[in-house]
Every structure is written in C-alpha cells, then in structure tokens.
Amino acid sequence: MSSSNDKVSHNVYFDGKVQSLGMETDKGPATVGVMKKGNYVFNTTSLETMVVISGDMSTKLSGGDWLTHKQGDSFEIAANTSFEVMCATDVAYICYYS
C-alpha cells in the first residue's frame, strides 16, 4: 500500500529549463533538480538549504551581493523571500525545505 509520501513529484519551471523531482528524506521534504545555464528568479515559502551537486551558480538575495557557489557548496535562503540565480553552467542540486 502506498501513501502520498511514497510518490515522487515532478516540477517544471522556465519552459523546462529548470526541473526537479520532489521526495521525502530523513531531513524532511527535498527536491533534486537541474538548471540549464541561464538566469532565474525564485520565491521561497519556507527556509531552503541548497547543495550544489554539479556545476557553478551565483545567487543574489534582495538587496544583497552576488555570491558564487560551486560543486559541494551549500547555502540557505530565508523563508518568504525571492532570490536571483545565475547559472554559468548546467547545475544539479538538492534543496531541503524546513
């Protein structure tokens, strides 16, 4: 018997240039995804902890400076905010939601 937590959700953004698969982990809900090279703006509803699996990306919080993140780096984005993402290469990531 399966429950809703057993299902994998598929999210598609920006005409397919950003895609993720949602799942439950021992840290709570998470998505594993890819972003094609490009610039994007995201909005958060909860605290997000992103880990770069592959590639390079830069992020900019409202009123902040651009920060560069490489493979293995992790960073947090506060709840109820927006942030810009600039991917210099194709990027793979995992994002944990709290």
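Okay, so let's go over this structure.

Each value, and the rule that gives it
Residues numbered from 1 in each chain as written. Predicted model: local features only at pLDDT ≥ 70, side-chain atom pairs only at ≥ 80, totals over all residues. Heavy atoms only, no water. Disulfide = S-S within 2.5 Å. Buried < 20%, exposed > 50% of the residue type's maximum accessible area, 1.4 Å probe, protein only. 1 Å grid on protein atoms, 1.4 Å probe; cavity = no way out; pocket = protein on both sides within 12 Å on 5 of 7 lines; lining within 4 Å. Points joined across faces, edges and corners; volume = space filled by probe spheres on them. Helix = DSSP H or I, 4+ residues; strand = E, 2+ residues; numbered from the N terminus. Nonpolar A, V, L, I, M, F, W, Y, C, P; charged D, E, K, R; others polar. Pairing = 2+ DSSP bridges. Axes fitted to C-alpha atoms, helices over the stretch in contact; angles between N-to-C directions.

**Notes on the state of the cysteines**
Chemically, a disulfide is nothing more than a covalent bond linking the sulfur atoms of two cysteines.
At step 1: Counting across every chain of the model gives zero disulfides.
At step 2: Cys 95 supplies the cysteine sulfur nearest to Cys 87, a cysteine that is in no disulfide, at a spacing of 13 Å.
At step 3: Overall, Cys 95 belongs to the buried group, its relative accessible area being 1%.

**Regarding the layout of surface pockets**
At step 1: Estimated volume of the largest pocket: approximately 240 Å³.
At step 2: For the largest pocket, the lining is made up of 16 residues, of which Thr 31, Phe 42, Glu 48, Tyr 93 and Tyr 97 are closest to its centre.
At step 3: Contributing elements (two or more residues each) for the lining of the largest pocket: β1 (9-13), β2 (18-25), β3 (28-35), β4 (38-43), β5 (48-54), β9 (82-87) and β10 (91-97).
At step 4: Examining the composition of the lining of the largest pocket, we find that three residues originate from one element, β10, more than from any other.
At step 5: Residue classes in the lining of the largest pocket are distributed as 10 nonpolar, five polar and one charged.

**Overview of the sheet that holds strand β7 (residues 67-69)**
At step 1: Pairing is antiparallel in the open sheet, where four strands are placed in the order β4-β9-β6-β7. Edge positions in the open sheet fall to β4 and β7, since each of these has one partner strand only. Across the sheet, the mean angle separating the axes of adjacent strands is 25° when strand polarity is ignored.
At step 2: Examined bridge by bridge, strand β6 (residues 57-61) and β7 share three bridges and lie antiparallel to one another. Note that in β7 the partner of Ser 58 across the bridge is Thr 68.

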